[in-house]
Amino acid sequence: MTVTATSAQAGVRPYRWQWIALFVILAAEVMDLLDGLVTTIAAPTIRRDLGGSESLVQWLGAGYTLAMAVGLITGGRLGDLYGKKRMFVIGASGFTLASLLCGVAVSPEMLIASRVLQGLFGSVMIPQGLGLIKEMFPPYEVGRAFGMFGPVLAISSVGGPVLAGWLVDADFFGTGWRMIFLINLPLGLTAVLAALRYLPEYRSPAATRLDLPGVGLVSLASFLLVFPLIQGRELGWPAWTFVSMAASIAVFALFGRYEAHRTASGRDPLVTPSLFRKRAFTGGLVAGLAFFSGLIGFGLVFTLYAQLGLGFGPLKAGLAALPQALGGVVGFGLAMSGLQEKLGRALLQIGTLVMAAGAAVLALTVHLTGTDVSTLRFAPGLALAGIGMGLVMAPFFDIVLAGVEPHESGSASGTLTAVQQLGGAFGTAVLGTLFFHLLADRWSFGSAMQLTAWVEVGLLALTFGLSYLLPRHARPQEPGA
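This structure is a prediction, so every number in the text was calculated from the model and none was measured.

Student: Tell me about the overall build of the chain, and please be specific about residues and values.
Tutor: Counting its secondary structure elements, the chain contains 18 helices and two strands. On C-alpha atoms alone, the chain measures out to a radius of gyration of 22 Å, which is about the 23 Å that the 2.2 N^0.38 rule sets for 481 residues. Overall size of the chain, expressed as C-alpha extent along the three principal axes, is 65 × 50 × 50 Å. Per-residue burial over the chain gives 53% buried out of 481 residues. When contacts within the chain are restricted to residue pairs at least 6 apart in sequence, long-range pairs at least 24 apart make up 82% of them. Of the roughly 19,900 Å² of accessible surface on the chain, a fraction of 68% belongs to carbon and sulfur atoms. In the chain, 29 positive and 24 negative side-chain charges are present, and the distance between their average locations comes to 5 Å.

Student: Account for the layout of surface pockets, naming residues and giving values.
Tutor: Size it by volume and the second largest pocket reaches roughly 740 Å³. In this structure, the second largest pocket is lined by 26 residues; those nearest its centre are Phe 252, Phe 276, Leu 285, Val 419 and Leu 422. Elements that contribute at least two residues to the lining of the second largest pocket include exactly helix 3 (55–82), helix 10 (212–235), helix 11 (239–264), helix 12 (279–309) and helix 17 (409–440). Element by element, the count of residues in the lining of the second largest pocket is highest for helix 11, at seven residues. Grouping the amino acids of the lining of the second largest pocket by side-chain chemistry returns 19 nonpolar, six polar and one charged.

Student: Can you tell me about the nonpolar core, naming the residues and giving the values?
Tutor: If you look at the biggest cluster of nonpolar residues, it comprises 56 residues, and the most contacted ones within it are Ile 46, Leu 111, Ile 180, Phe 302 and Phe 378. Within the second largest apolar cluster, 37 residues are counted, among which are Ile 73, Phe 281, Leu 416 and Val 457.

Student: Give me a nonpolar patch on the surface: which residues, what numbers.
Tutor: A cluster of nonpolar side chains, Leu 364, Leu 368, Trp 443, Leu 451 and Trp 454, forms an exposed patch at the surface whose accessible area comes to about 520 Å². Put simply, the parts of the chain that give the nonpolar patch at least two residues each are helix 15 (345–369) and helix 18 (445–466). Take Trp 454: its relative accessible area is 41%, and that puts it in the partly exposed class.

Student: If you had to explain the packing of helix 4 (residues 84–103) against helix 5 (residues 108–136) to someone new, which residues and values would you point to?
Tutor: Describing two packed helices takes the angle between their axes plus the distance from one axis to the other. Relative to each other, helix 4 and helix 5 sit at 155°, their axes nearing to 7 Å. In terms of axis orientation, helix 4 runs roughly antiparallel to helix 5. Pair helix 4 / helix 5 crosses with left-handed handedness. By residue class, the composition of the contact of helix 4 with helix 5 is 15 nonpolar, nine polar and two charged.

Student: Explain the pattern of salt bridges residue by residue, including any values.
Tutor: Using the criterion set out here, one finds six salt bridges in the structure. Residue Lys 84 pairs with Asp 80 through a salt bridge whose shortest N-O separation is 2.8 Å. For Asp 80, a relative accessible area of 21% puts it in the partly exposed group. Between Asp 211 and Arg 262 there is a salt bridge, with its nearest N and O atoms 3.6 Å apart. Of the two residues, Asp 211 sits in the loop between strand 2 (201–203) and helix 10 while Arg 262 sits in helix 11, which places them 51 residues apart along the sequence. Neither Asp 211 nor Arg 262 differs from the other in exposure class; each is buried. A single network of salt bridges, built from pairs that share partners, joins Glu 54, Arg 233 and Glu 234.

Student: Report on the confidence of the model for the chain, specifying residues and quantitative values.
Tutor: Taken over all residues, the pLDDT of the chain has a mean of 87, while the share at 70 or more is 94%. Per-element confidence in the chain ranges from a low mean pLDDT of 44 for helix 1 (residues 5–9) to a high of 95 for helix 18. Low pLDDT, under 50, characterises residues 1–12; the predicted model gives this stretch 22 contacts beyond four residues in sequence or across chains.

Student: Any details on helix 5? Residues and values, ideally.
Tutor: When the terminal C-alpha atoms of helix 5 are compared, their 42 Å separation across 29 residues agrees well with the 42 Å that a helix rising 1.5 Å per residue should span. In helix 5, a bend of some 25° at Gly 122 exceeds every other bend along the element.

Student: Residue-level account of the environment of Leu 451, with values.
Tutor: Following the sequence through the fold, Leu 451 ends up in helix 18. The class for Leu 451 is partly exposed, based on a relative accessible area of 30%. Sequence spacing of Leu 451 and Ala 43 is 408 residues, and the spatial spacing of their C-alpha atoms is 21 Å. If we ignore the near neighbours within four places in the chain, the residues touching Leu 451 are Leu 438 and Trp 443.

The rules behind the values
- Residues numbered from 1 in each chain as written.
- Predicted model: local features only at pLDDT ≥ 70, side-chain atom pairs only at ≥ 80, totals over all residues.
- Heavy atoms only, no water.
- Helix = DSSP H or I, 4+ residues; strand = E, 2+ residues; numbered from the N terminus.
- Rg over C-alpha atoms; globule rule 2.2 N^0.38 Å.
- Buried < 20%, exposed > 50% of the residue type's maximum accessible area, 1.4 Å probe, protein only.
- Contact = heavy atoms within 4.5 Å.
- Areas by Shrake-Rupley, 256 points an atom, 1.4 Å probe, with all protein chains shown as cover.
- Lys, Arg positive; Asp, Glu negative; His and termini not counted.
- Charge placed at Lys NZ, Arg CZ, Asp CG, Glu CD.
- 1 Å grid on protein atoms, 1.4 Å probe; cavity = no way out; pocket = protein on both sides within 12 Å on 5 of 7 lines; lining within 4 Å.
- Points joined across faces, edges and corners; volume = space filled by probe spheres on them.
- Nonpolar A, V, L, I, M, F, W, Y, C, P; charged D, E, K, R; others polar.
- Core = buried A, V, L, I, M, F, W, Y, C linked by side-chain atoms within 4.5 Å.
- Patch = residues over 30% accessible without salt bridge, like charges linked within 9 Å, V, L, I, M, F, W, Y side chains within 5 Å.
- Salt bridge = Lys/Arg side-chain N within 4 Å of Asp/Glu carboxyl O.
- Axes fitted to C-alpha atoms, helices over the stretch in contact; angles between N-to-C directions.
- Parallel < 35°, antiparallel > 145°, perpendicular 65-115°, else oblique.
- Left-handed = near helix turned anticlockwise from the far one by under 90°.
- pLDDT = per-residue confidence, 0-100.
- Expected span 1.5 Å × (residues − 1).
- Bend = angle between axes of the 7 residues up to and from the residue.

Set out below in structure tokens:
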């Protein structure tokens with residue numbers, strides 16, 4: 001069954017299996033979210049088993065999110081061109097195969113390469129599901145369908161680290177850390193089979209062509225930036241690392257010029273160049289990069305501190321981080337209870353302050369208690385940081401997108417989502433490198449953790465300052481939208 005997007009929007013009866021199809025899409029989202037979280041908990045155990053340098057810990061997360069960031073920019077267009085169901089099945093199948101390769105990896109290099117493959121296939125899989133929801137459901141039910149994402153993803157974010165820690169500690173069938181990837185096999189195969197049966201095929205009659213040179217340029221620029229940030233410390237910061245980072249800026253500039261030329265010649269750009277002439281959008285991009293860099297990098301460092309510094313096992317480390325995830329659920333719930341519409345940008349600013357206060361409380365907790373720290377002593381600071389996180393993330397995308405024209409919202413949304421993933425890779429590189437550098441300089445684990453927390457406060461202060469470039473409120477939703 002193949003349906004064009006225009007027929008779906010014209011009031012034709014809803015797709016028969018829409019709710020079953022929604023759960024298939026949600027299953028894929030859960031797999032992606034869990035795999036973005038699990039290596040943070042399992043990384044120390046993986047390194048002890050496979051060997052490799054300290055950078056392995058960073059590449060396990062950065063390789064996945066960097067590949068996801070690059071792929072997401074163009075992943076949605078693949079579905080428009082070749083069919084959303086087809087690309088969803090390809091993405092889910094590839095993600096499952098990459099998970100198997102992760103689970104049987106025999107070297108750090110094989111595991112990192114498999115993580116990159118996971119990210120690439122995930123970037124093909126995820127946009128198709130979001131696009132299918134808009135086509136399968138009539139306008140009056142789209143909001144209800146997207147409303148299912150909040151609870152499901154919240155439960156996944158809460159349970160993901162704990163599940164990863166439990167699987168590693170349980171050592172089922174002697175698999176140890178490998179089970180965090182192998183568990184995707186039954187989940188992925190079920191999702192693929194269900195997608196073949198229940199997902200409809202939609203193609204967009206106005207699909208835009210792929211901008212492969214643009215993808216190549218932004219991929220090269222991102223790699224030139226992240227690679228030296230992760231590897232430079234271990235190599236003693238040779239001259240080429242700084243040349244590489246400078247070259248990344250030049251390649252990003254070249255990418256911008258290429259996109260402008262492509263638009264002027266009447267071809268479809270990867271990113272609409274006019275977006276970067278809008279203060280709200282450029283401010284939102286930088287604010288998002290700062291926020292998500294701090295969020296993901298801080299999470300990695302806290303897990304390393306808990307396991308390497310305090311001697312927690314994977315499960316105990318996952319439980320130690322649980323208050324932040326629960327706080328995120330509370331913050332998101334508060335935002336969705338009416339505060340988002342009432343406060344707009346102010347809610348985002350309040351969230352950054354609350355989150356910064358939580359990071360400061362955690363730093364003071366580590367300072368006052370040293371290595372004699374139980375999981376409960378972390379709870380106040382982490383819970384406060386989590387509440388602030390939820391308050392920021394709930395309105396962030398809607399607020400930034402209010403600063404662009406409606407016809408630019410598709411490109412702007414894809415770019416923002418990619419920057420969210422790029423921020424994760426950048427934060428893993430920068431804060432992870434800072435943490436390991438401090439340890440190499442004979443700082444204690446506690447002192448290194450404290451400084452990282454204060455860097456996180458600084459990144460949140462930058463996010464707060466940049467928020468004044470954003471619109472005061474999100475664009476009002478049209479009836480039935």
